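Listed here are the chains, written in short residue letters.
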Amino acid sequence: MQTLDAKRILAWTVAGLLVACSEGSTQNDTAGGTAGADAGTAADGSMAGGAAAGGRDATGGSANPTGSGGGITGGAGDERSTNGGSSPSESGGSAGNSTGGTSGGASSGGSSGGAAPNGGQPTGGTSVGGSSVGGSSVGGSSSGRGGRSGGTGGQATGGGASGGSASGGSAAGGTTTGPDRIVTFHNGGFWQDTDGNRIEAHGGGFILVGDTWYWIGEDKSHDSGNFKGVNCYASEDLVTWEFKNAIITRNTATELNASDRIIERPKVVYNKKNDNYVMWLHWEGASYATAEAGVFTSDTVDGHYELVRHFRPNSNMSRDDTLFKDDDDKAYFLSAANENADLALYELDADYTNISRQITTLWAGSYREAPAIVKSNGRYFIVSSGATGWDPNQQKYATATSMNGPWSSLSNLGDATGFDTQTTYVLPVQGSRATMYIYMGDRWQDPDLLGSKYIWLPLKVSDTKLALDFYDSWQLNLTTGEWSAGDDRFVSQAAWSLVYVDSEETAGEDGSGVNAFDESISTFWHTQWQDAKPPPPHEIQIDLGARYSLTGMQYTPRQDAETYGMIGEYELYVSESTTDWGSPVKSGTFGTSKTPTLVDFPAQSGRYIRLVALSEINDAAYTSVAELDVVGTAL
């Protein structure tokens, strides 16, 4: 970004982001069945059809009873960088494919096969009976509301096959079995690492090393644009992130310890010639007047990087930047120049630590920043944003068949504000059937720099065109490279209305009851505190607008840094009227986690729901709810 003083409160309506990973299969062979939806693979990698229910896989072919097709086949095995589209091979059974009975038909010998990825060797090693239970593919493209499917786990644990059915592979995003690895992304909330700490990797870059993705970005935990550190996280599934190291800190070099130092948009590629990792970033000072590029190297991707130089490439100003490595091992640096009016494209030398030549100046006078480069089927794309400080704007893209150009004119991508995001990276994920691309954006100042969110969306590539739509939630099959959107378990909130709240704060803040179902986790219902502190119990009653058979409720607590009002003990009621609530359909205690919590109960028909907060986690007088969702079907 160019400036630091623009502040805003975001009002984009999104669902909470919770990541959930489950073991799944798109190659079921249920008992003798051949019925079910054939679901051909679209050019953009989406799963364009229903789940295979009766013996056909997601591409319309026959079922695979051996369970041997789950590896990510990848590209050149020795390449460490995701740039250029190549990635290490992960074929066969070594990455979690049992070779005889963890998925599919009447397999009676079973296997002791390959280790299952991310938790779960086959339990017992043999499949008796062999029928796969629950292993349908994520299936077609859903246009449903998406859901903030809950739970705190995210990654399936267990995941083995015992008698052909899953014994523990359940996760909040769904219960499936077999070799396919399916993950779910939920946009709009905070992301936590495996230690429960908020992920701090803004303006980030990504690199694949072996079978592990590394996410490298800016630490904004001090709620400031000034430099604190560059962090590195690691994941084998893109949703479960482990903090590895603060790879650059103020102690890395004397020049980094300046009080006005600003470091932004670190990007890393692997240099095969020197067997090391090279980072380029935006090196800045007070009032963004320094406008330089910084170059660092490390022998390991998550090690301590050393400063090589900071300078103005070809004597040009250099601000928002990206780094791209092609599949011929040439590397390129692209950064905003001339007070952000231009984008300057450079080819790097063989060490990737200096400029070899300036290729061109792109779209002079267009004021583009936050660039990202991706290659698909031999064609290059540059995605960038306008230069409007911390405020969102129209993302645009251009394309070329060579990095030397000519580059096309700019075309719009997404909506007028990029779904309230700014580009940081486009990540290729190569599977056995398709390569899909993830648009990775920062939602700055939501509601402050500390609260900035990460928004990841499937980027659809078709010949010379890109398309970007917003999804509250979407699923990615890491094995096949196919994706689908939505979680239609949740009842749409479009017709909901507020019946009653016993207390709401409207003087000291916007704590109105309607905030509990406005599809935005940035707002929340909060009981009164400005002039009074009524003690619990507190309650909210909601009209769903129609009758439903309900089987679950999801509670999303406030997502800012405070905990006041987070519900402890609760009761939930479902009723046909607001005068006779009967007994609660569910009661219990919510924990202290900020992630959404989904609770199930026996099916209950009704039009109205009533949540009663009996206590608060701090034993305080307040109650707050960011979002309430219910699971059910219309009657």
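Computed from a predicted structure; not experimentally measured.

What counts as what
Residues numbered from 1 in each chain as written. Predicted model: local features only at pLDDT ≥ 70, side-chain atom pairs only at ≥ 80, totals over all residues. Heavy atoms only, no water. Pairing = 2+ DSSP bridges. Helix = DSSP H or I, 4+ residues; strand = E, 2+ residues; numbered from the N terminus. Axes fitted to C-alpha atoms, helices over the stretch in contact; angles between N-to-C directions. Buried < 20%, exposed > 50% of the residue type's maximum accessible area, 1.4 Å probe, protein only. Phe/Tyr/Trp six-rings, centres within 6.5 Å; stacked < 30°, edge-to-face > 60°. Lys NZ or Arg CZ within 6 Å of the ring centre and 35° of its normal.

**Q** For this particular structure, what's the right way to read the sheet that holds strand S17 (residues 342–348)?
**A** Sheet strands associate in pairs through backbone hydrogen bonding, adopting either a parallel or an antiparallel arrangement. In space, the four strands of this open sheet follow the order S15-S16-S17-S18, with antiparallel pairing throughout. Since the sheet does not close on itself, it has two edges, and those belong to strand S15 (321–325) and strand S18 (355–362), each with one partner. Each neighbouring strand pair of the sheet contributes to a mean axis angle of 20°, computed without reference to strand direction.

**Q** What exactly am I supposed to notice about unusual backbone geometry here?
**A** The step from Gly405 to Pro406 runs through a cis peptide bond, and the omega angle for that step is 5°. If you trace the backbone, Pro406 turns up in the loop between strand S21 (395–400) and strand S22 (411–413). In this model, Pro536 is joined to Pro537 through a cis peptide bond whose omega is 5°. Tracing the sequence through the fold places Pro537 in the loop between strand S30 (525–526) and strand S31 (538–556). Residue Asn377 is not a glycine yet carries a positive backbone phi of 50°. Structurally, Asn377 is set in the loop between strand S19 (368–376) and strand S20 (379–386). Take Asn377: its relative accessible area is 80%, and that puts it in the exposed class. Positioned with a positive phi, Asp463 is a non-glycine residue whose angle comes to about 55°. Its place among the elements puts Asp463 in the loop between strand S25 (453–462) and strand S26 (465–468). A relative accessible area of 61% means that Asp463 is categorised as exposed.

**Q** What is the right way to read the packing of aromatic side chains from this model?
**A** The geometry of two aromatic rings is summed up by the distance between their centres and the angle between their planes. Counted under the stated rule, the structure contains 29 aromatic pairs. When the centroid spacing of 5.6 Å and the interplanar angle of 50° are considered together, the rings of Phe206 and Tyr425 count as tilted. Here Phe206 is found in strand S7 (residues 202–209), whereas its partner Tyr425 is found in strand S23 (residues 422–430), with 219 residues between them in sequence. Assigned by exposure class, Phe206 and Tyr425 land together as buried. With a centroid separation of 6.4 Å and 50° between ring planes, the pair formed by Trp215 and Tyr233 is classed as tilted. Note that Trp215 is positioned in strand S8 (residues 212–218) and Tyr233 in strand S9 (residues 229–235), a separation of 18 residues in sequence. Trp215 sits in the buried class, given a relative accessible area of 1%. Under the relative-accessibility criterion, Tyr233 is labelled buried at 2%. The ring of Phe311 has Arg309 lying over it, and the distance from NZ or CZ to the ring centre is 6.0 Å.

These figures come from the coordinates and say nothing about function on their own.
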